[in-house]
Amino acid sequence: RIIRRHVTPAVTSQAALPSPTTTSTTAVVSTSNSLVPRTAEVMVRIQGERGQSIVDAEKKFRDLLNTSITEQKILASFDCTSKLNQGMKSRMVDIKCEAVGSGKHQVVIRGTKRRVRQASDQVKDMLLTTMDSAAAAVTDVVWPKEWEPQLKDLELKEVNASTNEYQQVMSRVQKSLPSAQLQRVERVQNKFLWQNYMSKKGEISRKNGGQKPEEKLLFHGTRNTSPAQIYQNQVGFDMRFARSGMWGIANYFATDARYSHGYSHSPGDKPGCKQMFLAKVIIGDSLHMPSDGDLRVPPVNPTRGQDETIGQIRYDTVSGDTGNNRVYMAYAPGQAYPFYLLTYK
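Let me sum up the structure you'll find in this document. (Residues numbered from 1 in each chain as written. Predicted model: local features only at pLDDT ≥ 70, side-chain atom pairs only at ≥ 80, totals over all residues. Heavy atoms only, no water.)

**Some remarks on the nonpolar core**
For step 1, the next point in the chain: Residues Val185, Trp194, Phe253, Tyr337, Tyr340 and Leu342 are the most contacted members of the largest nonpolar core, which totals 41 residues.
For step 2, the next point in the chain: Mapped onto this core, the elements with two or more residues apiece are helix H5 (164–176), strand E8 (182–190), helix H6 (191–207), strand E9 (215–220), helix H7 (228–231), strand E13 (274–282), strand E18 (325–330) and strand E19 (336–344).
For step 3, the next point in the chain: For this core, the leading source of residues is E19, giving seven residues.
For step 4, the next point in the chain: Excluding anything up to four places from it in sequence, Phe253 contacts Leu218, Phe219, His220, Phe237, Ala279, Val281, Arg326, Val327, Tyr328, Ala330 and Ala336. (Core = buried A, V, L, I, M, F, W, Y, C linked by side-chain atoms within 4.5 Å. Buried < 20%, exposed > 50% of the residue type's maximum accessible area, 1.4 Å probe, protein only. Helix = DSSP H or I, 4+ residues; strand = E, 2+ residues; numbered from the N terminus. Contact = heavy atoms within 4.5 Å.)

Rendered as structure tokens:
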């Protein structure tokens, strides 16, 4: 008795009972999908002394097979069927792109958990490189590898607590604020702000002779200002609203969450919670110096001389120490990006 069934996964093990056999059944398990050009077929032989035992064993096998199958759906802003045909030939999964609304699509991936996870990473990479025509028109814009596909120019994506990304953020927070309990980590995916940030990064690179500027992930508290006023506008960290501090009027960023906790925001809709950003900051050519409340721009770098186009060459940022913590000051718009919004207790 030969039983054939088309399912997604490829089974690579054979099970047999050691007892003398008087009858047997063979289940042929195969993969078949128009988007996956190769087919895997493995024969699993089930043997036993009684017909009912074989039937029971076959049922248990198929139940086990079904529980190993999972499905994942990924939103896409365009019909990516042709892209899937080009880039997903090596993945033994059932994968398709289907319309879910006016101009909206989703990629559905079905298969074993490991195969689906691998294919999901590949699909996300493919979607990010072709996110939309507006993004493609921007020269030299590289989207962060952490970003997920999005349908709007601004989306907050909650980071799953089981991922390495979440664990790395939590480690950064608890390194200096061990009592903090993260409630939520949201990745800010604002295309407009990121393009401005990358443009500023290119500007600083050109100023420094083509050298790639240093970047850091640093904490920033907004106090009475709602974080939404930063990630939902066209400027981000706006210098026009910056207050004068120990190093003058600038946007201040800290290496330790403990320091920024003192400037954290208390959201009215989340009683008992605090919020702060973990921001990406272009450090570039930085000057470490004592406090100077009169600063409005970074000091001139005396080792760089004068450029015939931009005149005196200044440092890109200033750093200093306060409260047993290193802080960095950015004096220009676009020099920092609100990468993560952290909600914690």
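**Observations regarding H6**
For step 1, the next point in the chain: Taking 1.5 Å of rise per residue, the 17 residues of H6 would be expected to cover 24 Å, and the 24 Å separating its terminal C-alpha atoms lies within 8% of that figure.
For step 2, the next point in the chain: The opening residue of H6, the one whose side-chain oxygen lies 3.1 Å from the backbone nitrogen of Phe192, is Asn190.
For step 3, the next point in the chain: Where H6 ends, the next residue or the one after it, Gly209, has phi of about 75°, a positive value. (Expected span 1.5 Å × (residues − 1). Polar contact = N/O pair within 3.5 Å; in protein donor to acceptor, adjacent residues only side chain to side chain.)

**A short note on a nonpolar patch on the surface**
For step 1, the next point in the chain: On the surface, Leu75, Val100 and Leu151 cluster together into a nonpolar patch covering about 220 Å² of accessible area.
For step 2, the next point in the chain: Structurally, the position occupied by Val100 is in strand E5 (residues 94–101). (Patch = residues over 30% accessible without salt bridge, like charges linked within 9 Å, V, L, I, M, F, W, Y side chains within 5 Å. Areas by Shrake-Rupley, 256 points an atom, 1.4 Å probe, with all protein chains shown as cover. Salt bridge = Lys/Arg side-chain N within 4 Å of Asp/Glu carboxyl O.)

**Some details on the pairing of strand E17 (residues 317–322)**
For step 1, the next point in the chain: Burial within E17 is extensive, with five of its six residues counted as buried.
For step 2, the next point in the chain: Where E17 and E18 come together, six bridges link them in antiparallel fashion. Across the sheet, the residue bridging to Ser319 is Tyr328, located in E18.
For step 3, the next point in the chain: Hairpin connection, E17 to E18: the antiparallel pair is bridged by two residues, and Gly323 has positive phi, about 60°. (Pairing = 2+ DSSP bridges.)

**Digging into the packing of aromatic side chains**
For step 1, the next point in the chain: A complete count under the given rule lists twelve aromatic pairs for this structure.
For step 2, the next point in the chain: Members of the aromatic cluster, connected to one another through ring pairs, are Trp143, Trp147, Trp194, Tyr197, Tyr337, Phe339 and Tyr340. (Phe/Tyr/Trp six-rings, centres within 6.5 Å; stacked < 30°, edge-to-face > 60°.)

Function cannot be read off these values alone, since they describe shape.
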